[in-house]
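Coordinates in review
So you can see what is in the structure, the chains are spelled out below.
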Amino acid sequence: MELSTYTASVPPLRRTLTNLIAVLGKGLVHAETQGFDPAVLVTSRLYPDMFPLSRQVQIASDLARRGVARLAGLEAPPLADIETSFPELIDRLQRSIAYLDGFRADQIDGSEDREITVPIGRGETITMAGWPFLSMFVLPNVYFHTTTAYAILRHSGVVLGKRDFLGEP
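Here we summarise the structure given alongside this text.

The rules behind the values
- Residues numbered from 1 in each chain as written.
- Predicted model: local features only at pLDDT ≥ 70, side-chain atom pairs only at ≥ 80, totals over all residues.
- Heavy atoms only, no water.
- Phe/Tyr/Trp six-rings, centres within 6.5 Å; stacked < 30°, edge-to-face > 60°.
- Buried < 20%, exposed > 50% of the residue type's maximum accessible area, 1.4 Å probe, protein only.
- Helix = DSSP H or I, 4+ residues; strand = E, 2+ residues; numbered from the N terminus.
- Lys NZ or Arg CZ within 6 Å of the ring centre and 35° of its normal.
- Salt bridge = Lys/Arg side-chain N within 4 Å of Asp/Glu carboxyl O.

1. Let's talk about the packing of aromatic side chains
- Tallied over the entire structure, the rule returns 3 aromatic pairs.
- Considering the side-chain rings of Tyr99 and Phe103, the 5.2 Å spacing of their centres and the 80° angle between planes classify their relative orientation as edge-to-face.
- With relative accessibility at 21%, the residue Tyr99 sits in the partly exposed group.
- Ring plane angle 85° and centroid distance 6.0 Å describe the contact between Tyr150 and Phe165, whose orientation is recorded as edge-to-face. Here Tyr150, found in helix 6 (residues 130-155), pairs with Phe165, found in helix 7 (residues 162-166); they are 15 residues apart in sequence, far enough to count as distant.
- Its guanidinium or amino end placed over the ring of Phe51, Arg55 lies 5.7 Å from that ring's centre, counting from NZ or CZ.

Encoded structure:
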């Protein structure tokens, strides 16, 4: 069986963002049942120099949308980073999933060798072929920020396990 770039990108990114929605839902329920403002969790971070939960979710959604768009030779429309609540973060993820669902395999397959240039901050860019871009940049970054969001909530007392992160088989 040959693995296509579409199959290696859209389904796992979609699943990761879907699972993150469920994790955020558990965070909201936890705050409500424990009787504190859910915004406390939305602004929580693992360490003072790290991004808060809201930014981790924003970055994960941006990387997924922009990554798939760039594989298709497009630029994803920007989303303003204005979410301050669990429902707003969940809505952002749902919009990101809907965006991913708009891609067809024929738009992405064949991008394995296409040169893709992306900004990496401080005015710097990197250029790489499509397959390394997906496998060594997009997927690891999405998983990093999703894992960090999970860890922030788990560290804050939300009852989560590996199955919450991975989803049901």
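2. Description of the pattern of salt bridges
- For the structure on display, the rule yields 12 salt bridges.
- Linking Asp62 and Arg65 is a salt bridge whose minimum nitrogen-to-oxygen distance equals 2.9 Å. With Asp62 and Arg65 both in helix 3 (residues 53-71) and 3 residues apart, this pair spans about one turn of that helix. A single burial state applies to Asp62 and to Arg65, both of which are buried.
- The partner of Arg92 in a salt bridge is Glu83, and the shortest N-O contact between them spans 3.1 Å.

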